[in-house]
Structure formats: C-alpha cells, structure tokens
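So you can see what is in the structure, the chains are spelled out below.
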Amino acid sequence: MKTYGGVNSERGESLRATSDGGFILAGYTNSFGAGYDDIYLIKTDSIGKLMWSNTYGGANADRGFSVLEHSDGGYAVVGFTTSFGAGNFDIYLVKTDSAGNFMWSSTFGGFGGDGANSICEAPDGGIIIAGYTGSFGNGSYDIYLLKVDISGNLLWSKAYGAGGQDEALQVKNTADRSEEHTSELQ
C-alpha cells in the first residue's frame, strides 16, 4: 500500500494506467498548492513509487475529478474551480506536459454552478468533457457536454436535461467516432 500527501487532507478521484506501465492519479489536496484545495496530480511507476506530483489552482477551491493521458504524452485534468472563471464555480481544465509541468488551463461556464466529472480524448486530439451546468439548459442542473481543441479553446457545448437535476458522470468514445457523427453534435 502506498500513501501520498501531506499534513492536511488529500483525496484521489481518478486513477488511470499510463503508457509507460505506471499510473496517473488526480484529485485534490489541502496540504500543498496555492489555496484551500488545489488539483493534485500524482505520477507513479508500476509499483506505486512516486515519480512526481504537482498542484494546480488559485486561492480558492479547485478540484480534479478525471484525468487522461493525452496522445501528445501529456495529461489533462478536469473538475471545477472557484478561483477562476465567470461564476460561482466553473469547469476547470488543466493541461500538462509528460512531466506534469503546467501548459495551459481553461474555464467554462456561466454565472451558475458548473462542473465536470469525466474527460476523454476525441479522435482528432481534442478533449470531450462531461459534467453538469447550472448556468445553461432547462433545469436546476443539466448534463453539460463540451468539446475543446488541443489548446483548450471551446469548439462546442451542449446542455441536456429536463426540469429536474441531471448530471453526466462519465464520457467514453464509441465505435462510431467518425467526423460525420461528431459534426451532428455541433
């Protein structure tokens, strides 16, 4: 068993195997970083030995809920931020290089509460984000699906739901990933 963290609290939310045989773990930490909670990204080897760890965020709460190893060798983490963005809390996407060094971040949302639970890479190298929105749509919270390009620029976003609370917990690529099907969502 391995543990990672400091004197305060940490939480792991997403663990994935990496192409080098190791693991990447994303969550949030209250022991390290710039604020109350910050995204915490941990890279280990195949037996859990710490290779590196980094934090990302601002003075307020920033949390990571899903991570992927991108085809460019870096990592992308998505969750929410109360440090940056337009509203109460917004979707927060952080992109790093293969060593966890910060490359860029983007926020998405409006003046309501918006957050993300899952991320996957699109066939064109873009990133698909799934979560919830309190800023757009029909209900108090609706499913929120977004696509961004390799630089974090929003390509499209859609809200799905009815009058109640709706939320996407996971997004995956499907076998019908052609651009023809992707263009139908735009």
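All chains use their own residue numbering, which begins from 1 and follows the written sequence. Totals for whole chains, interfaces and linings use all residues, but because this is a predicted model, local features are given only for residues with pLDDT of at least 70 and pairs of side-chain atoms are given and counted only at 80 or more. Side-chain calculation: all heavy atoms of the structure are included, whereas hydrogens and water are not.

Chemist: Talk me through the packing of aromatic side chains; I want residue IDs and the actual numbers.
Modeler: Classification of ring pairs rests on two measures: the distance between centres of Phe, Tyr or Trp rings, Trp counted by its six-membered ring, which must be within 6.5 Å, and the angle between planes, read as stacked under 30 degrees, edge-to-face over 60 and tilted in between. Inspection of the entire model under this criterion finds 9 aromatic pairs. For the pair phenylalanine 136 and tyrosine 144, a centre-to-centre distance of 5.7 Å together with 35° between the ring planes defines the contact as tilted. Partly exposed residues are those whose accessible area sits between 20% and 50% of the maximum for their type, while under 20% is buried and over 50% is exposed, using a 1.4 Å probe and protein chains only. A residue is classified by how much of its surface remains accessible, and phenylalanine 136, at 36% relative accessible area, is partly exposed. A relative accessible area of 5% means that tyrosine 144 is categorised as buried. Feature note: the residues Tyr28, Phe65, Phe80, Phe89, Tyr132 and Tyr141 constitute an aromatic cluster, connected by ring pairs.

Chemist: I'd love a proper account of the confidence of the model for the protein, names of residues and values included.
Modeler: With 94% of its residues at a pLDDT of 70 or more, the protein has an overall mean of 91. Each residue gets a pLDDT score, which is the predictor's confidence in that residue and runs from 0 to 100. Two residues form a contact once any of their heavy atoms are found within 4.5 Å. Overall, residues 179–186 carries pLDDT values under 50, and its contacts beyond four positions in sequence, including any with other chains, amount to 9 contacts.

Chemist: Please give an account of the sheet that holds strand β11 (residues 142–148) that cites residues and values.
Modeler: Within a sheet, adjacent strands bond to each other through the backbone by hydrogen bonds, running parallel or antiparallel. Strand order in the open sheet made by the 4 strands is β9-β10-β11-β12, with antiparallel pairing throughout. Among the strands making up the open sheet, the edge pair consists of β9 (114–121) and β12 (154–160). Here the average twist between neighbouring strands, direction ignored, is 20°. A pair of strands counts as paired when DSSP detects no fewer than two bridges linking them. Each helix is a run of H or I in the DSSP string that is no shorter than four residues. Each strand is a run of E no shorter than two, and both are numbered from the N terminus. Here 7 bridges tie β9 to strand β10 (residues 127–133), and the two strands are oriented antiparallel to one another. In the sheet register, isoleucine 119 faces β10, and the bridge partner there is isoleucine 129. Axes here mean lines fitted to C-alpha atoms, for a helix over just the part in contact, with angles spanning 0 to 180 degrees between N-to-C directions.

Chemist: Which residues make up the pattern of salt bridges, and what values go with them?
Modeler: Pairing is possible between side chains of opposite charge, provided their charged atoms come close. Take a side-chain nitrogen of Lys or Arg and a carboxyl oxygen of Asp or Glu: if they are within 4 Å of each other, that pair is a salt bridge. If you walk through the whole model with that rule in mind, you get 5 salt bridges. The partner of arginine 11 in a salt bridge is glutamate 13, with the nearest N and O atoms 2.6 Å apart. For arginine 11, a relative accessible area of 49% translates into the label partly exposed. In this structure, aspartate 124 and lysine 147 form a salt bridge, with 2.7 Å as the shortest nitrogen-oxygen distance. With aspartate 124 in the loop between β9 and β10 and lysine 147 in strand β11, this pair connects stretches of sequence that are 23 residues apart.

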